[in-house]
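A structural walkthrough
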Amino acid sequence: MSTEVKKSGRLIKAPENFLSKEDAKSPALMRRKFLAASVSSAAASMAAMGLASSARAASPVSGAGDPNILNLPTHTTGLGQPVAANPYGMPSQYEKGLQRRESPGLTRVSAASVAFTPLQGTFGIITPSGLHFERHHQGWWDIDPSKHRLMVMGLVKNPKVYTMDDIMRLPSVSRIHFIECGANTAMEWGNVAVPTVQYSHGMVSCSEFTGVPLSVLLEDCGIDMKKAKYVLGEGADGSSMTRTIPLDRALDDVLVAYGMNGEMLRPENGYPLRLVVPGIQGVSWVKWLRRIEVGDQKWAAKDEAVHYIDLMPDGLHRQYTGIQEAKSVITTPSGGQTLLDKGFYNISGLAWSGRGKIKRVDVSVDGGRNWRTARLETPVLSKAFTRFNIDWVWNGGPAILQSRAQDDTGYVQPKINQLREVRGTRSIYHQNAIQSWKVAENGEVSNVQVY
Ligand code: MTE
């Protein structure tokens, strides 16, 4: 770090942290509020810190004495709240702006939509369960576990119906994995479309899942290993969500999971039972799982024949491309935030690969001319988020921040034009290009594409 610039950089949070649900309803209103919120929250934060907007001075803690230290607050002199005042703990009232949010106008009905994870406001590699992204095709349900059943049938000697009690008595494992919707970053195929990392990359989350390996259930039912080639997962909601999984993968690391981050799955994420298919696009992680069928050919179900296919430049569709290739994004500083001072910033972000572990993340602050290798924070796990950090001293000039991930197969995250050369611009799924955030001289950070 340079010794000349001693100040530590502060930033204003992305404006969606301050948007109410009401404000987020109309896209036009949202855009206006984005602008207004950036300006007013910048002004408010500066006023609160006793700063004129041009001053960009250091913290108000100076010789004058900080009233926040000098005047003893009630929380130091009074009696606090009793234990179990909130039997199920909630985040601080001051953090209520950090929410998963639906992108206004993205779909016609909210029951078939997405709520994005606020990646800009999470730390480490675990996504808090209440902020895990949601993607439903036909709304979500809170299913009574005592009535939920899982049927295993098809090419097995003993087809069985399991209750939740039956499943929870079987040997279980807990593993940390990311889940990314194949459509994450889809809006950015042709051009820049959304302002913040929540909307550009927020269809990905990472949790610790607990459940029974699918291999245990298949063995329990006596799978016919001579004939079986594929497994079908089916959900209990009205979307007829059915997905084909090749047998070698099903026997490898797929889980029939009931736990997420130490407690039962949340209803939005498939309570009481879902498939966990590490490294594979989210659509295969069938929620409210009610049936497993073993077969000898692919099912070509609606969500693998019509949707979740890739339109290639030659006009043909690519099918069964489930693996989420290596990808990374800088989560702070990121779009919609504003840097208040020159000086030190901790550039922080997330990297993940559906093929294994992240080996290395390089970061550029000049749009890809020069790269430095970031620190990978532990743990670095297979098919899970890896947090990276790197020091940066902002000199007040324009900058373009990028991160480039490499996984342990040697695969390197592509530039957007490299991806378009192979895939064209009419695809929806599997957009894993390098993300660029432009820092303007006034400190505003915006979403740009660099070729
Ligand atoms: N399973 C069922 N039964 N119904 C659904 O609508 N959506 C799929 C998948 N499993 C879906 C489903 C899609 S497209 C994704 S990306 C993931 O669930 C999202 O999981 P999450 O809502 O827990 O983030």
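As the structure is a computational prediction, the values presented were derived from the model and not from experiment.

**Things to note about the side chain of Thr-321**
Within the fold, Thr-321 resides in the loop between strand 16 (317-318) and strand 17 (327-332). The class of Thr-321 is buried, set by a relative accessible area of 17%. If we skip the residues at most four places from it in the chain, Thr-321 touches Gln-281, Asp-310 and His-430.

**As for the sheet that holds strand 19 (residues 343-352)**
Strand order in the open sheet formed by 4 strands is 17-19-23-22, and the pairing between neighbours is antiparallel. The outermost strands of the open sheet, each flanked by one partner alone, are strand 17 and strand 22 (375-376).

**Topic: empty space enclosed by the protein**
Counted under the stated rule, the structure contains 3 cavities of 30 Å³ or more. As a volume, the largest cavity reaches approximately 240 Å³. Lining the largest cavity are 21 residues, with Arg-135, Arg-274, Gly-282, Trp-285 and Lys-287 positioned closest to its centre. Taken together, the residues of the lining of the largest cavity sort by class into 9 nonpolar, 7 polar and 5 charged. If you add up the space inside the second largest cavity, you get close to 120 Å³. Partitioning the lining of the second largest cavity into residue classes produces 5 nonpolar, 7 polar and 2 charged.

**Concerning the environment of Pro-91**
Relative to the elements of secondary structure, Pro-91 occurs in the loop between helix 3 (74-77) and strand 2 (101-102). Owing to a relative accessible area of 62%, Pro-91 belongs among the exposed residues under this scheme. Between the alpha carbons of Pro-91 and Gly-130 there is a distance of 9.9 Å; along the sequence they are 39 residues apart.

**Quick notes on the sheet that holds strand 25 (residues 436-439)**
Overall, antiparallel pairing links the 5 strands, which are arranged 21-20-24-25-26 in an open sheet. Each edge of the sheet is formed by a strand with only one pairing partner; in this case those strands are strand 21 (372-373) and strand 26 (445-448). Bridging between strand 25 and strand 26 involves 4 bridges; their strand directions are antiparallel. By the bridge assignment for strand 26, Lys-438 is matched with Ser-446.

**What about the pattern of salt bridges?**
The final tally for this structure, using the stated rule, is 21 salt bridges. Glu-263 is the salt-bridge partner of Arg-266, the closest N and O atoms lying 2.8 Å from each other. For Arg-266, a relative accessible area of 23% puts it in the partly exposed group. What makes Glu-263 partly exposed here is its relative accessible area of 24%. The partner of Lys-302 in a salt bridge is Asp-303, with the nearest N and O atoms 2.5 Å apart. Residue Lys-302 is classed as partly exposed on the basis of its relative accessible area of 39%. Its relative accessible area of 1% is what places Asp-303 among the buried residues. Counted as one network, the salt bridges with shared partners bring together Glu-234, Arg-290, Arg-291 and Glu-293.

Rules used throughout
- Residues numbered from 1 in each chain as written.
- Predicted model: local features only at pLDDT ≥ 70, side-chain atom pairs only at ≥ 80, totals over all residues.
- Heavy atoms only, no water.
- Helix = DSSP H or I, 4+ residues; strand = E, 2+ residues; numbered from the N terminus.
- Buried < 20%, exposed > 50% of the residue type's maximum accessible area, 1.4 Å probe, protein only.
- Contact = heavy atoms within 4.5 Å.
- Pairing = 2+ DSSP bridges.
- 1 Å grid on protein atoms, 1.4 Å probe; cavity = no way out; pocket = protein on both sides within 12 Å on 5 of 7 lines; lining within 4 Å.
- Points joined across faces, edges and corners; volume = space filled by probe spheres on them.
- Nonpolar A, V, L, I, M, F, W, Y, C, P; charged D, E, K, R; others polar.
- Salt bridge = Lys/Arg side-chain N within 4 Å of Asp/Glu carboxyl O.

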